[in-house]
Each structure stands twice: as structure tokens, then as C-alpha cells.
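Geometric and topological summary
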Amino acid sequence: MNKYVHKVKYYETDKMGITHHSNYIRIMEEARLDFLEQIGFGFEKLEATGIVSPVLGIEAKYVKTTTFPDEIEVEVFVEKLSPLKMTIGYDFSVKGETVFTATSSHCFLNMEGRPVFIQKDYPDFFAAMKGMERAKE
């Protein structure tokens, strides 16, 4: 699995030259989309099959600042997976040093907004996600 790389843009920084905190949430989404593409289930494919996965919540820990033009490497993994929900984990680093960690929680819905049990209804997607779970330490 390749890490997602985001190069901090000048416009993403605040008056102090530090990456504004709100940009990390956007980078999480970019990395999550890349992760899903890499496992063969990009958003276009998921939506074409009738699945959406809205964000239920986000937890974040800012460890160290980043600035223009840092290259942030993002490791994405499945922290928790059930037939109806998932929690995605994110480890952001610059030059091997952790700068940010986070999780995002999601559920699975069909296009009408009703719950979808992916283990039963989309077993290939469930298996791909299950294969990306990080072992508990």
C-alpha cells in the first residue's frame, strides 16, 4: 500500500506560516479516497454500486506543525470494521516524524439513505477492507 503524499501549499498556511488546522481534515479525505482507489474500490465505483459512506465523526491529535512546502506522507488503514460501520486511521508524518494522527468514523448507506450491511451485500468490498485492518498492538 502506497502512502498518500500531500505537499503543503502556501495558501494552506496561516499568518504565522503554519498549515491551518482545517486543512488536515481535507487531506484526510484526499488520503481516504486514494486508499480506496488503491484497494480497487474508489468512490466512483462504490457510488456506482449504490454505496455511500458519510462521515459520522472525526478525532484528531495535532502533534507538530507543518509549513509550506513540507511533504506530508499519510498512512491510511482500517482501524475498525463491522458490517455497517468503519473507522479509518491516519498517521501523518514529515521526514519520518509524526505530525498528526486521526480517525474518521463512517457508516454505509444506499443511495436512499438506508443502512447497507456490506459483509452480506458487498462481500468483495468487505473482504478488501478487512484485509487492510491494522493489527491491534
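The structure contained in this document is the topic of the report that follows. Values in this document were obtained by computation on a predicted structure and should not be read as measured data. (Residues numbered from 1 in each chain as written. Predicted model: local features only at pLDDT ≥ 70, side-chain atom pairs only at ≥ 80, totals over all residues. Heavy atoms only, no water.)

Attention shifts here to the overall build of the chain. Of regular secondary structure, the chain possesses four helices and five strands. Taken from the N to the C terminus, the helices and strands of the chain come in the order β-α-α-β-β-β-β-α-α. Over its C-alpha trace the chain gives a radius of gyration of 16 Å, about what one expects of a compact globule, namely 14 Å for 137 residues. Reported as C-alpha extents along the three principal axes, the dimensions of the chain are approximately 50 × 35 × 25 Å. Within the chain, the fraction of its 137 residues that count as buried is 37%. Contacts in the chain between residues far apart in sequence, at least 24 positions, make up 65% of those at least 6 positions apart. Surface accessibility of the chain: about 8000 Å² in total, with carbon and sulfur atoms responsible for 53%. Of the charged side chains in the chain, 17 are positive and 21 negative, and the gap between their average positions amounts to 3 Å. (Helix = DSSP H or I, 4+ residues; strand = E, 2+ residues; numbered from the N terminus. Rg over C-alpha atoms; globule rule 2.2 N^0.38 Å. Buried < 20%, exposed > 50% of the residue type's maximum accessible area, 1.4 Å probe, protein only. Contact = heavy atoms within 4.5 Å. Areas by Shrake-Rupley, 256 points an atom, 1.4 Å probe, with all protein chains shown as cover. Lys, Arg positive; Asp, Glu negative; His and termini not counted. Charge placed at Lys NZ, Arg CZ, Asp CG, Glu CD.)

Once that is clear, we can look at unusual backbone geometry. In this structure, the amide linkage connecting F68 to the following residue, P69, adopts the cis form with an omega of 0°. Here P69 shows up in the loop between β2 (55-62) and β3 (71-81).

Mapped onto the secondary structure, H6 falls in strand β1 (residues 4-7). Residue classification places H6 among the buried residues on the basis of a relative accessible area of 3%. A polar contact is formed between the side chain of H6 and the side chain of E12, at a distance of 3.0 Å. A polar contact of 3.2 Å, which involves the side chain of H6, links it to the side chain of E30. The contact partners of H6, leaving out residues within four places of it in the chain, are E12, R26, I27, E30, D70, E71 and I72. (Polar contact = N/O pair within 3.5 Å; in protein donor to acceptor, adjacent residues only side chain to side chain.)

This part covers the pattern of salt bridges. Enumeration over the complete set of coordinates arrives at eight salt bridges. When the shortest N-O distance is used, the salt bridge between R134 and D91 registers 3.1 Å. Of this pair, R134 sits in the segment after α4 (123-130) while D91 sits in strand β4 (residues 85-94), and the two are 43 residues apart along the sequence. Classification of R134 as partly exposed rests on a relative accessible area of 30%. Put simply, E12, R26 and E30 are held in one network by salt bridges that share partners. (Salt bridge = Lys/Arg side-chain N within 4 Å of Asp/Glu carboxyl O.)

Right, let's talk about the nonpolar core for a bit. Residues V74, F92, F125 and M129 are the most contacted members of the largest nonpolar core, which totals 31 residues. Only α1 (22-38), β3, β4, β5 (97-107) and α4 provide two or more residues apiece to this core. When residues in this core are grouped by element, the largest group, six residues, is from α1. Ignoring any residue separated from it by four or fewer positions in sequence, one finds V74 in contact with K3, Y4, I27, A31, Y90, D91 and F92. (Core = buried A, V, L, I, M, F, W, Y, C linked by side-chain atoms within 4.5 Å.)

Looking now at the sheet that holds β5. In spatial order, the strands read β1-β3-β4-β5-β2; together these five strands make up an open sheet with antiparallel pairing. In this open sheet, the two edge strands, each paired with only one partner strand, are β1 and β2. In this sheet, neighbouring strand axes are inclined to one another by 25° on average, regardless of whether the strands run parallel or antiparallel. Pairing geometry for β3 and β4, over eight bridges, is antiparallel. (Pairing = 2+ DSSP bridges. Axes fitted to C-alpha atoms, helices over the stretch in contact; angles between N-to-C directions.)

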